[in-house]
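Results of the structural survey
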Protein chains: 4
Amino acid sequence: MPEQGSDILCLASDYMEGAHPAIIDALVRTNRERTSGYGTDGHSERARTLIRAACECPDADVFFLTGGTQTNVTVIGTALAPWQGVVAAQSGHVSVHEAGAIERGGHKVIELPATLGKIGARQVEACVEVWENDVNRDHMVMPGMVYISQPTEYGTLYSLAELEGLSEVCHRHGMKLYVDGARLAYALAADENDVTLADLARLCDAFCIGGTKCGALFGEAVVIPVHDSIPHFFTQLKQHGALFAKGRILGLQFEVMFEDGLYERIGRSAVEAACRIREALVERGYELYFDTPTNQTFVMLDDQRLEELGRRVEMDFWERIGEGRTVMRIATSWATTPEDVTRLVAAL
Amino acid sequence: MPEQGSDILCLASDYMEGAHPAIIDALVRTNRERTSGYGTDGHSERARTLIRAACECPDADVFFLTGGTQTNVTVIGTALAPWQGVVAAQSGHVSVHEAGAIERGGHKVIELPATLGKIGARQVEACVEVWENDVNRDHMVMPGMVYISQPTEYGTLYSLAELEGLSEVCHRHGMKLYVDGARLAYALAADENDVTLADLARLCDAFCIGGTKCGALFGEAVVIPVHDSIPHFFTQLKQHGALFAKGRILGLQFEVMFEDGLYERIGRSAVEAACRIREALVERGYELYFDTPTNQTFVMLDDQRLEELGRRVEMDFWERIGEGRTVMRIATSWATTPEDVTRLVAAL
Amino acid sequence: MPEQGSDILCLASDYMEGAHPAIIDALVRTNRERTSGYGTDGHSERARTLIRAACECPDADVFFLTGGTQTNVTVIGTALAPWQGVVAAQSGHVSVHEAGAIERGGHKVIELPATLGKIGARQVEACVEVWENDVNRDHMVMPGMVYISQPTEYGTLYSLAELEGLSEVCHRHGMKLYVDGARLAYALAADENDVTLADLARLCDAFCIGGTKCGALFGEAVVIPVHDSIPHFFTQLKQHGALFAKGRILGLQFEVMFEDGLYERIGRSAVEAACRIREALVERGYELYFDTPTNQTFVMLDDQRLEELGRRVEMDFWERIGEGRTVMRIATSWATTPEDVTRLVAAL
Amino acid sequence: MPEQGSDILCLASDYMEGAHPAIIDALVRTNRERTSGYGTDGHSERARTLIRAACECPDADVFFLTGGTQTNVTVIGTALAPWQGVVAAQSGHVSVHEAGAIERGGHKVIELPATLGKIGARQVEACVEVWENDVNRDHMVMPGMVYISQPTEYGTLYSLAELEGLSEVCHRHGMKLYVDGARLAYALAADENDVTLADLARLCDAFCIGGTKCGALFGEAVVIPVHDSIPHFFTQLKQHGALFAKGRILGLQFEVMFEDGLYERIGRSAVEAACRIREALVERGYELYFDTPTNQTFVMLDDQRLEELGRRVEMDFWERIGEGRTVMRIATSWATTPEDVTRLVAAL
């Protein structure tokens, strides 16, 4: 993969960037502070307060972790009972791209077919009812949680109505709902989006606010709306190797992102850039694999265009779809510039 | 715990600091680079090359992780066979302060009594021979690895002769040797030390070079001297939630620390400061709990001195030893200044 | 479920019976023997020798366990590397009816759609090639083993050609093949069957010979054709809680079943009874859900017939298929008598 | 190890025997019954009722498992929370002779030094208070349960007062108490014993009534006095590979042992035989390693006596104690005859 200095334009992923200038500045500014560890410092405390306010959820537990798979493994592994599994889309990150980390933690991922990365309340209800109605259910894995991502791995969004539907089904059947928000800033910034942080806090049992792909140097914030609903979470973090010694470094970043609403703005330019890219692609006769409202764009390329465009733009391989056609992902980020978009459009 | 701005002098731990200026500078300088993820970027590659050179071990596998417990859990869990346990000092970090993370990963910690944090080759040999000679050994946990820390949790050091002894016993009995170097820079900088990075690479099956406590913003480097001796380590990192997406951020820090020998110098001022503190303590009639050659100092305080000194200096509680006496730990770091030492001495 | 003395005819499952008279006799006859434990006794040794001979595999490792799920969990858990998962039919016992025991052991069950309980070599090859060809395969679970059952949960059989195909694909791609023979006696006794014990030993990396459902009081024999190919299996049995103290009780039963070919005969009457039942069902106008060559019969019943037949015959609920129709399973066993069949036919 | 027919007298262990005649008779008598599986049959139901009555605990949950390690692993693994460990004697079966099965299940065994196999309430309290009072306790394993065996691995007994003390400490500190009764019949039959089944049910959170070593062909009964205090235990049994398909075979044996008080009598002859053996040993000038009130005897033998006696009597190696002396264990059982004792005494 080409590095800095290369003539190629990098739009392969949203974790290729550094940190938002405000975060780098804060790290520089506070570098000589000496603070206590493990999230007990003042920056972490303030970040928690700010996130609780943004989520309109004053009693929420908030923890800061270093990465997305770590977050999913720890939340799912600690929220499920040993006899439970987690329901997820077949295309979900936990199903396919975490190397079996959930199963390593002892839990089955009960995979449902997805539509553009999404699963629906009826699907979930059918799945849990199969278990509830089976005479042999005590020999089977109980669905104990639903995992979804917002936006999904396909860049699509759950609407508020869809999320409310999932939440209602989950809670009516004694299941928890967990939302993986690794790219949440790009959901919050999308025109189509009608799900707020407060909605997530109201409807989910846990969710994460992604920093790594959304402007932080690194870090994910886990929000557990009901205090202590995952008991001894701090110790369980430690057991999972997910407790960060210099908690300040994580807390500080979320403090910056939530003290003046940066997190809710930071995805906006990425979404706008993605929209311009999609428009340009369509104008130039490229075919989108499916439409998306967030920062990820999926375009079908024949072999010639793949070869030509690939020489100028670093994209992410998504899928080979036969007949000499390939789907490539173009991901913008908070750091994508107007010049990047102009260069891409010129390369089409 | 007091924060920045407090009048109190913070010497409680070596993970209370930010990053060495050279690292902060590098993070700022490279912030707009776009690089591939998961350690495949150029900075990580260069850091690996530099570490291999420093270890005189050109074929070593080198991986960068975010924290110490995560590192121990992942290395021990992937290097042991399922029927094996890890031998460690009763006072070892994996035995007592990782919340059972090793056991959560399925392995017993076989605890040996320690002398000032250290275990010896004869102890280890006796332990493994008990297993080898037991008629019921197939019903018992096979010792598969020895875990030690350098410096130890007590700030003490293994000499080269001691390390060679442990290595010889381990390998003669088919066990691996793993050295936790969370504070390794403070070992390398100690006058008493005669163990080099190259010695570690020659004698161990895996070791880690601690960044978090030694000048990095965060991060630990795992060195596995024999290439691929822990198979599929990358995938197993992912499974453990220990694969860091923006690998550049970790690789860059180790690149800075190894490109001109910074890592081997960075602990020097901390050790010198600790020596001055120990001298001053003894001069003023304080009693050391035991002597140490590195950055940690253990002083016994009666209740009155504890109260008085505690008002001016943030120390770490170590142990209550009866008769109204308490052992407190004073930890210097690469960031401890001459003024800090002067203030402490004035407070005695 | 009705018990002894009830007027109802019990044909719901093949684990409802006691033991074959020859086994009960042997247990009575040897009851006052004092033997060493854990399978080191003479009966276990002789049973191993007899099984090796029946499998034409003189170097095989043979172990005796108490139950089927225990056997699957232990074999799969010890044969897979930590980063591997097991490929199985969606309808496979490990996928659906072991309460997530494989995942509790840390491994993903990679489920493939099945045809009457079976998966094919091409399906498996496609699955492993997806992994092999994915640029992100190091973030994914490696298929490390294929699990099939012979006969399947649907009573169907793999032909020798099919088994050879699976074996070839597995070994060409570095995967293991494991056959769950919980009902193996009913496969060996089927007219259609062309797979011998020696074939299993030649083609598989591990398989089990079911006793519990096939005439033993209880017990399963695990055969590992290549000696020590699962290292420290004895200790790993212990770790899994699957090492049986009074090994003689298990070994003796397999000694009886293999000393004069009883195991290869014992399923014959069950299969014949099942054939007569299927013929009678068809004659009386009942519709089979699908045809099977072994001891299990799947019949579709409308609500009226379900109610009427259900009053006289204990069957096993299989599946509701809409429009007021239900599939019920009728399972014969080695203990099913001609009178049982006559009673059933009379009840149709 | 010598088998039946050998001239040597086998007194090495109490799991070398078959089953009590009443149990063999019942297995023969009921062999043609067809019953439902997994403990839902009438014999299992009746056995549960009888055990509840014997324990004076009408609401207890009772489950039947096949072996001792399996029982310990399943009870401890399901009763502990993920962040908890189990406190046990260093000499406890779970500490030393279960091949790390508890750790494989994710939990630390917190080992306390034992006195003749026993740990005391004060020791346990000191251990839990260390955790409670440690400022870093959230980084440590919480003691969540105490494991003891009755009788212990050394054949010694907890008195009622000792058991009450342990129970009181456990419950005052929020810990559970689990008693491994693998040899419980030999405790109940000892003159010194003052702990009844009802006491165990009153004082423990779970205990097991051992069948394998106490007259059953095989099997252990787990008693959980408070109904559903280990949730979904049935499904968790399945997950642990510990759910026995033909539950009747286990239930029947406990039905026989509890329908007329057989279990409480069955150890009596073994204890009497052991007493006669101990008397004879002392009379002939042998030295006991320590005295025991149950069916196990520990005698110190010099090399000559070891060699001579070893030719006539199969004993169990216990420990080499230097100076050419060895401790051997002589274990009687319910099946030991007066002739066995006479032969042993003659051999001294």
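When helices and strands are tallied, chain A shows 15 helices and 13 strands. Scaling as 2.2 N^0.38, a compact globule of 348 residues should have a C-alpha radius of gyration of about 20 Å, and chain A matches this with 20 Å. Dimensions of chain A along its principal axes, counting C-alpha atoms only, are 60 × 55 × 35 Å. Residue pairs in contact within chain A that sit at least 24 positions apart in sequence constitute 71% of those at least 6 positions apart. Accessible surface, chain A: about 11800 Å² in total, of which carbon and sulfur atoms supply 50%. Treating the 31 positive side-chain charges of chain A as one cloud and the 50 negative ones as another, the clouds have centres 5 Å apart.

Turning our eyes to something else, we now look at the domain arrangement of chain A. Residue and element names in this part refer to chain A. Each assigned domain of chain A is listed with its residue range as follows: domain 1 (9–17 + 267–347) and domain 2 (21–262). Listed by partner, the interface residues are 18 residues for domain 1 and 21 residues for domain 2. Carbon and sulfur atoms supply 59% of the area buried between domain 1 and domain 2, which totals about 1600 Å² over both sides. Scanning the region where domain 1 abuts domain 2 turns up two salt bridges. For Arg 183, the salt bridge goes to Asp 14, with nearest N and O atoms at 2.7 Å. Only α13 (268–283) and β10 (296–302) provide two or more residues apiece to the side of domain 1 that touches domain 2. In terms of residue count, the dominant contributor to the side of domain 1 that touches domain 2 is α13 (three residues). For the side of domain 1 that touches domain 2, a count of residues per class yields eight nonpolar, six polar and four charged.

Time to look at the interface of chain B and chain D. If you look at the interface, chain B gives 19 residues, while chain D gives 19 residues. When residues of chain B are sorted by the area they lose upon contact with chain D, His 97, Glu 103 and Lys 108 of chain B head the list and together hold 34% of the total. Connecting chain B to chain D are four salt bridges. The salt bridge partner of Lys 108 of chain B is Glu 103 of chain D, with a shortest N-O separation of 3.0 Å. At the boundary of chain B and chain D, one finds 10 residue pairs in polar contact (both at pLDDT 80 or more). Looking at the side of chain B that touches chain D, the elements with two or more residues in it are α4 (93–96), α5 (101–104) and β4 (109–112) of chain B.

With that settled, consider the relation of the copies chain B and chain D. With an RMSD of 0.0 Å, chain B superimposes on chain D once it is rotated by 180° and translated 0.0 Å along the axis. Here the two chains are linked by the operation of a two-fold rotation axis. Residue by residue, 100% of the interface of chain B is reproduced at the interface of chain D, so both copies engage with the same surface.

This paragraph deals with the interface of chain A and chain B. In this assembly, 54 residues from chain A lie in contact with 54 residues from chain B. Both sides of the chain A and chain B interface together cover about 4900 Å² of buried area, and 52% of this is carbon and sulfur. In terms of surface lost to chain B, no three residues of chain A exceed Arg 34, Arg 104 and Lys 246 of chain A, which account for 18% of the buried area on that side. Counting the contacts that link chain A with chain B gives four salt bridges. Glu 17 of chain B serves as the salt-bridge partner of Arg 34 of chain A, at 2.7 Å between the closest nitrogen and oxygen.

With that out of the way, let us pick up the packing of aromatic side chains. Under the criterion given, the structure shown has 54 aromatic pairs over all chains. Measuring from ring centre to ring centre gives 5.3 Å for Tyr 154 of chain B and Phe 290 of chain B, while their planes differ by 40°; the resulting arrangement is tilted. Remark: Phe 290 of chain B occurs in strand β9 (residues 287–290) and Tyr 154 of chain B occurs in the loop between β5 (142–149) and α7 (160–172); sequence separation between them is 136 residues. Given the relative accessible area of 9%, Phe 290 of chain B is considered buried. Aromatic side chains Phe 64 of chain D and Phe 254 of chain D sit 5.2 Å apart centroid to centroid with 20° between the ring planes, which places their arrangement in the stacked category. Highlighted residues: Phe 64 of chain D in strand β2 (residues 61–65) and Phe 254 of chain D in helix α11 (residues 247–259), separated in sequence by 190 residues. One aromatic cluster is present, built from ring pairs that chain together Tyr 154, Tyr 289, Phe 290, Phe 298 and Trp 318 of chain A. In this structure, Arg 137 of chain A packs its charged tip against the face of Trp 131 of chain A, placed 4.5 Å from the ring centre. Above the ring of Tyr 286 of chain A, the side-chain terminus of Arg 305 of chain A is found at 3.7 Å from the ring centroid.

Here we take up the pattern of salt bridges. Counting across every chain of the model gives 88 salt bridges over all chains. Among the salt bridges present, the one from Arg 268 of chain A reaches Asp 191 of chain A, with a minimum N-O distance of 3.1 Å. One end of the pair, Arg 268 of chain A, is in helix α13; the other, Asp 191 of chain A, is in the loop between α8 (184–188) and α9 (197–203), with 77 residues separating them in the sequence. We classify Asp 191 of chain A as exposed; its relative accessible area is 65%. Between Arg 265 of chain C and Asp 260 of chain C there is a salt bridge whose closest N-O contact spans 4.0 Å. Overlapping salt bridges bring together Glu 17 and Asp 340 of chain A together with Arg 34 of chain B as one network.

Residues and elements named next belong to chain C. If you walk across this open sheet you meet the seven strands as β2-β8-β7-β6-β5-β3-β4, and the pairing is mixed. Each edge of the sheet is formed by a strand with only one pairing partner; in this case those strands are β2 (61–65) and β4 (109–112). Taking the axes of each pair of neighbouring strands and ignoring which way they run, one obtains an average angle of 25° across the sheet. Bridge count between strand β6 (residues 176–181) and strand β7 (residues 206–210): four bridges; the pairing is parallel. Its bridge partner lying in β7, Tyr 178 is registered against Ala 206.

Here we take up the relation of the copies chain A and chain B. Superposing chain A onto chain B takes a rotation of 180° combined with a translation of 0.0 Å along the rotation axis, leaving an RMSD of 0.0 Å. When the interface residues of chain A are mapped onto chain B, 100% of them are again interface residues, pointing to one common binding face.

Residues and elements named next belong to chain A. Taken together, seven strands build an open sheet; the order of strands is β2-β8-β7-β6-β5-β3-β4 and the sheet is mixed. Each of the sheet's edge strands pairs with one partner strand only, and the pair in question is β2 (61–65) and β4 (109–112). On average, each strand axis in the sheet is tilted by 25° relative to the strand beside it, whichever way the strands run. Where strand β5 (residues 142–149) lies against strand β6 (residues 176–181), five bridges are found, and the strand directions are parallel. Each residue of the ladder has a partner; that of Met 145, found in β6, is Lys 176. Here helix α3 (residues 68–79) sits on the sheet in contact with β2, β3 (84–89), β5, β6, β7 (206–210) and β8 (220–224), set at roughly 175° to β6. Together, β2, β7 and β8 form the strand contacts of helix α11 (residues 247–259), whose direction differs from that of β2 by roughly 115°.

It is worth spelling out empty space enclosed by the protein at this point. Within this structure, the stated rule accounts for 14 cavities of 30 Å³ or more. Of the volumes computed, that of the largest cavity is approximately 100 Å³. Of the residues contributing to the lining of the largest cavity, the split by class is three nonpolar, 10 polar and two charged. Taken together, Val 73, Arg 104, His 240 and Gly 241 of chain A together with Gln 70, Val 73, Thr 74, Arg 104, Gln 239 and His 240 of chain B form the lining of the second largest cavity. The greatest single-element share of the lining of the second largest cavity, amounting to three residues, is contributed by helix α3 (residues 68–79) of chain B. Of the residues in the lining of the second largest cavity, the class split is two nonpolar, six polar and two charged.

Residue and element names in this part refer to chain B. Where helix α2 (residues 42–54) meets helix α11 (residues 247–259), the closest approach of the two axes is 7 Å, and the angle between their N-to-C directions is 40°. Considering only the axes of α2 and α11, their crossing is left-handed. Between α2 and α11, the residues in contact are His 43, Ser 44, Arg 46, Ala 47, Leu 50, Ile 51 and Ala 54 and Gly 247, Arg 248, Gly 251, Leu 252, Phe 254, Glu 255, Phe 258 and Glu 259, respectively. Its residues assigned to classes, the contact of α2 with α11 shows seven nonpolar, four polar and four charged.

Here Gln 150 of chain B and Pro 151 of chain B are connected by a cis peptide whose omega angle stands at -10°. Within the secondary structure, Pro 151 of chain B sits in the loop between β5 and α7. Within the chain, Glu 56 of chain C stands out as a residue other than glycine whose phi angle is a positive 50°. Along the chain, Glu 56 of chain C falls in the loop between α2 (42–54) and β2. One non-glycine residue, Asp 228 of chain D, lies in the positive phi region at around 65°. In this fold, Asp 228 of chain D is placed in the loop between β8 (220–224) and α10 (233–239).

Conventions adopted
Residues numbered from 1 in each chain as written. Chains lettered and ligands numbered in written order. Predicted model: local features only at pLDDT ≥ 70, side-chain atom pairs only at ≥ 80, totals over all residues. Heavy atoms only, no water. Helix = DSSP H or I, 4+ residues; strand = E, 2+ residues; numbered from the N terminus. Rg over C-alpha atoms; globule rule 2.2 N^0.38 Å. Contact = heavy atoms within 4.5 Å. Areas by Shrake-Rupley, 256 points an atom, 1.4 Å probe, with all protein chains shown as cover. Lys, Arg positive; Asp, Glu negative; His and termini not counted. Charge placed at Lys NZ, Arg CZ, Asp CG, Glu CD. Domains from an automatic or database assignment. Buried area = accessible area lost by both parts, 1.4 Å probe. Salt bridge = Lys/Arg side-chain N within 4 Å of Asp/Glu carboxyl O. Nonpolar A, V, L, I, M, F, W, Y, C, P; charged D, E, K, R; others polar. Polar contact = N/O pair within 3.5 Å; in protein donor to acceptor, adjacent residues only side chain to side chain. Least-squares fit on C-alpha atoms with pLDDT ≥ 70 in both. Phe/Tyr/Trp six-rings, centres within 6.5 Å; stacked < 30°, edge-to-face > 60°. Buried < 20%, exposed > 50% of the residue type's maximum accessible area, 1.4 Å probe, protein only. Lys NZ or Arg CZ within 6 Å of the ring centre and 35° of its normal. Pairing = 2+ DSSP bridges. Axes fitted to C-alpha atoms, helices over the stretch in contact; angles between N-to-C directions. 1 Å grid on protein atoms, 1.4 Å probe; cavity = no way out; pocket = protein on both sides within 12 Å on 5 of 7 lines; lining within 4 Å. Points joined across faces, edges and corners; volume = space filled by probe spheres on them. Left-handed = near helix turned anticlockwise from the far one by under 90°.

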